[in-house]
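An overview of the molecular structure
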Amino acid sequence: LKKMSNKLVPLAVNTFEGLLAEYDEKNDKDALAFYEKALKLPFSEAYTKEYHGFAYSGIARIAARANDRNRAKMFYKKALAVSEYKSLIREAKAYR
C-alpha cells in the first residue's frame, strides 16, 4: 500500500500503522498519532469511511485504557456513525 500513488491510500496506511502500533507493538502513543493523522487525510465517503471507523475505535480504546471515559464514549459514538463492520459496531455498543 505504501508504494501506491492513489491519494486515498495514506488514510488506509496510517490506519493500519495505528492498528499495528496498538496491537502488535502495544504502543498507544504511536497508535494515537497514526489514528489522528489518518483522520486528517483526504477521504472518500464511498471508499474510506470504514477506515475512519477503525481510527475512531482505536482512539476510543486508547482513551478507555487511559481512564478517559468521556473521550472514549465520544469516539465510539463517532465510530458508530460511520462504521458498517459488525465487529466495530459491537465493540462501540459494548462500551459503557
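Since this is a predicted model, take the numbers as computed values, not measurements.

1. Regarding the packing of helix α3 (residues 45–65) against helix α4 (residues 69–82)
- Packing of α3 against α4 leaves a shortest axis separation of 8 Å and a crossing angle of 165°. Judged by the angle between their axes, α3 and α4 are roughly antiparallel. Note that α3 runs across α4; the crossing there is left-handed. Judged by residue contacts, Lys 49, Glu 50, His 52, Gly 53, Tyr 56, Ser 57, Ile 59, Ala 60, Arg 61, Ala 63 and Ala 64 of α3 engage Arg 71, Ala 72, Phe 75, Tyr 76, Lys 78, Ala 79 and Val 82 from α4.
- Grouping the constituent residues of the contact of α3 with α4 by class yields 10 nonpolar, three polar and five charged.

2. Thoughts on the pattern of salt bridges
- One pass over the structure, following the stated rule, counts six salt bridges.
- Residue Arg 61 pairs with Glu 22 through a salt bridge whose shortest N-O separation is 2.7 Å. Highlighted residues: Arg 61 in helix α3 and Glu 22 in helix α1 (residues 9–24), separated in sequence by 39 residues.
- Glu 22 serves as the salt-bridge partner of Arg 65, at 3.1 Å between the closest nitrogen and oxygen. In this pair, Arg 65 sits in helix α3 while Glu 22 sits in helix α1, placing the two residues 43 residues apart along the sequence.
- Since its relative accessible area comes to 45%, Arg 65 is described here as partly exposed.
- By sharing partners, the salt bridges in this structure join Glu 22, Asp 28, Arg 61, Arg 65 and Glu 91 into a single network.

Parameters and conventions
Residues numbered from 1 in each chain as written. Predicted model: local features only at pLDDT ≥ 70, side-chain atom pairs only at ≥ 80, totals over all residues. Heavy atoms only, no water. Axes fitted to C-alpha atoms, helices over the stretch in contact; angles between N-to-C directions. Helix = DSSP H or I, 4+ residues; strand = E, 2+ residues; numbered from the N terminus. Parallel < 35°, antiparallel > 145°, perpendicular 65-115°, else oblique. Left-handed = near helix turned anticlockwise from the far one by under 90°. Contact = heavy atoms within 4.5 Å. Nonpolar A, V, L, I, M, F, W, Y, C, P; charged D, E, K, R; others polar. Salt bridge = Lys/Arg side-chain N within 4 Å of Asp/Glu carboxyl O. Buried < 20%, exposed > 50% of the residue type's maximum accessible area, 1.4 Å probe, protein only.

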